[in-house]
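The lines below spell out each chain.
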Amino acid sequence: MTTWTQVPVLTTSEQTVWDMKQQQYSGQCLVVHHTDVHTSTSQDNNTYKQALHWTTIVCCGAIIPLLTILGLPGKVLCAVVFYKQGLRERINLCLFALAVIDIIVVIDIFIASSELLYREVIGPSWIFLPYVLGMKGSVWASHFLSAVIASERCFCVVSPFHAKRLLKTSTMAAIIVVGCTLLTAGMCAIVVPKHIPACRFDPLTNITDNIIYVTLYYLKNQTIIDIVDIFVYATALPGIFLSVIIVTTAITSSSFEQLSPGVDQ
């Protein structure tokens, strides 16, 4: 019986070394080489597969569709409201852009989870997954816009006259377009050419199955791609955006507290 799984992440308890470079084939399949005797038992493997199977079904078949039904109408409503209020104001433009990016994020996650559910229940599918995974750069674009909005509000509170003179709506629009485009395009350039469907043959169990594996493009540029993917996107950017939001929010709150006595008087 053929199973359809992603490339497994082996734990130290399995003590199995997988050598699956694309130069090594059995016919058209990647060959798995076991170089240690302490392999996991069939029962443990079946338990893991069952747990992964039902986790995927629950998350992709119930939780994510429910969150999409609850969240997507609200994001669409936000975009419509800020659009009707007019995009000539900087804050309206920022909040409209954030709502649009969040709509893209919700749709992207829903499409990816739907195809994963299809792969788990029915059979192999590799139509939308490479592209929707690449579009996950919109998640970082959403974080970027949150940091921009926090910074813009902070600047307006701390120095309103300078903010009005320096932060034009056209300038803010350019910042939004350039920042979101670079973040999304960067993730697409990393993820889309990184993965490919492949056939895998395990001579120990004599089982052939289909998996998601990496391409020759990734193997040749692994160091550069991993640096951008792991250290820039997964580590540096979230830390920078979160720090900006925390600092600017703290400064804005402190400025409001200093203004409160004068307002009360």
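Residues numbered from 1 in each chain as written. Predicted model: local features only at pLDDT ≥ 70, side-chain atom pairs only at ≥ 80, totals over all residues. Heavy atoms only, no water.

## Examining the confidence of the model for the protein chain
Reading fine detail from the predicted coordinates is not recommended where pLDDT is low. On average, the protein chain scores 79 in pLDDT, and the residues at 70 or more come to 77%. The secondary-structure element of the protein chain with the lowest mean pLDDT is strand β1 (residues 25–26), recorded at 39, while helix α4 (residues 137–158) shows the highest, at 92. Predicted confidence is poor over residues 1–27, with pLDDT under 50, and the contacts of this stretch with residues over four places away or in other chains come to 67 contacts. Below a pLDDT of 50 lies the segment residues 36–40, which in the model reaches ten contacts outside its immediate sequence neighbourhood of four places, other chains included. (pLDDT = per-residue confidence, 0-100. Helix = DSSP H or I, 4+ residues; strand = E, 2+ residues; numbered from the N terminus. Contact = heavy atoms within 4.5 Å.)

## Remarks on the pattern of salt bridges
Opposite charge on two side chains permits pairing when their charged atoms draw close. Evaluation of the coordinates by the stated rule reveals five salt bridges. Residues R90 and E152 are paired through a salt bridge, measuring 3.0 Å at the closest nitrogen-oxygen approach. Linking R90 in helix α2 (residues 90–121) with E152 in helix α4, this pair joins segments that are 62 residues apart in sequence. In terms of burial, R90 and E152 fall into one category: buried. Between D108 and K136 there is a salt bridge, and its shortest N-O distance comes to 3.7 Å. Pair noted here: D108 is in helix α2 and K136 is in the loop between α3 (129–134) and α4, with a separation of 28 residues, a long-range link. With relative accessibility at 25%, the residue K136 sits in the partly exposed group. Salt bridges sharing common partners tie together R90, E152 and R153. (Salt bridge = Lys/Arg side-chain N within 4 Å of Asp/Glu carboxyl O. Buried < 20%, exposed > 50% of the residue type's maximum accessible area, 1.4 Å probe, protein only.)

## Regarding the environment of A141
Mapped onto the secondary structure, A141 falls in helix α4. Using a relative accessible area of 0% as the deciding quantity, one classes A141 as buried. Not counting residues within four places of it along the chain, the set of residues in contact with A141 comprises I101, C180, L183 and T184.

## Observations concerning a nonpolar patch on the surface
Together, I227, I230, F231 and V232 line one region of the surface with nonpolar side chains, adding up to about 350 Å² of accessible area. Mapped onto the elements, I227 comes out in helix α8 (residues 222–264). Given the relative accessible area of 43%, I227 is considered partly exposed. (Patch = residues over 30% accessible without salt bridge, like charges linked within 9 Å, V, L, I, M, F, W, Y side chains within 5 Å. Areas by Shrake-Rupley, 256 points an atom, 1.4 Å probe, with all protein chains shown as cover.)

## Re the nonpolar core
Membership of the largest hydrophobic core comes to 30 residues, with the highest contact counts inside it found for F144, L145, M172, I176 and C180. Of all the secondary structure elements, the ones that give two or more residues to this core are α2, α4, α6 (169–191), β4 (207–214) and α8. Setting aside anything within four residues of it in sequence, one finds C180 in contact with I101, A141, F144 and L145. (Core = buried A, V, L, I, M, F, W, Y, C linked by side-chain atoms within 4.5 Å.)

## Examining the environment of V232
Considering the arrangement of structural elements, one finds V232 in helix α8. Excluding residues that lie within four positions of it along the chain, V232 makes contacts with I227, L237 and P238.

## Overview of the packing of aromatic side chains
Evaluation of the coordinates by the stated rule reveals three aromatic pairs. Here Y83 and F96 contribute two aromatic rings whose centre-to-centre distance is 5.9 Å and whose plane-to-plane angle is 40°, an arrangement assigned as tilted. Taken together, the residues span a long stretch of sequence, with Y83 in helix α1 (residues 42–85) and F96 in helix α2 at a distance of 13 residues. Residue classification places Y83 among the exposed residues on the basis of a relative accessible area of 53%. The class for F96 is partly exposed, based on a relative accessible area of 21%. Taking the centre distance of 5.4 Å and the plane angle of 85° together, the rings of W140 and Y233 count as edge-to-face. Separated by 93 residues along the polypeptide, W140 in helix α4 and Y233 in helix α8 bring together distant segments of the chain. Given the relative accessible area of 16%, W140 is considered buried. (Phe/Tyr/Trp six-rings, centres within 6.5 Å; stacked < 30°, edge-to-face > 60°.)

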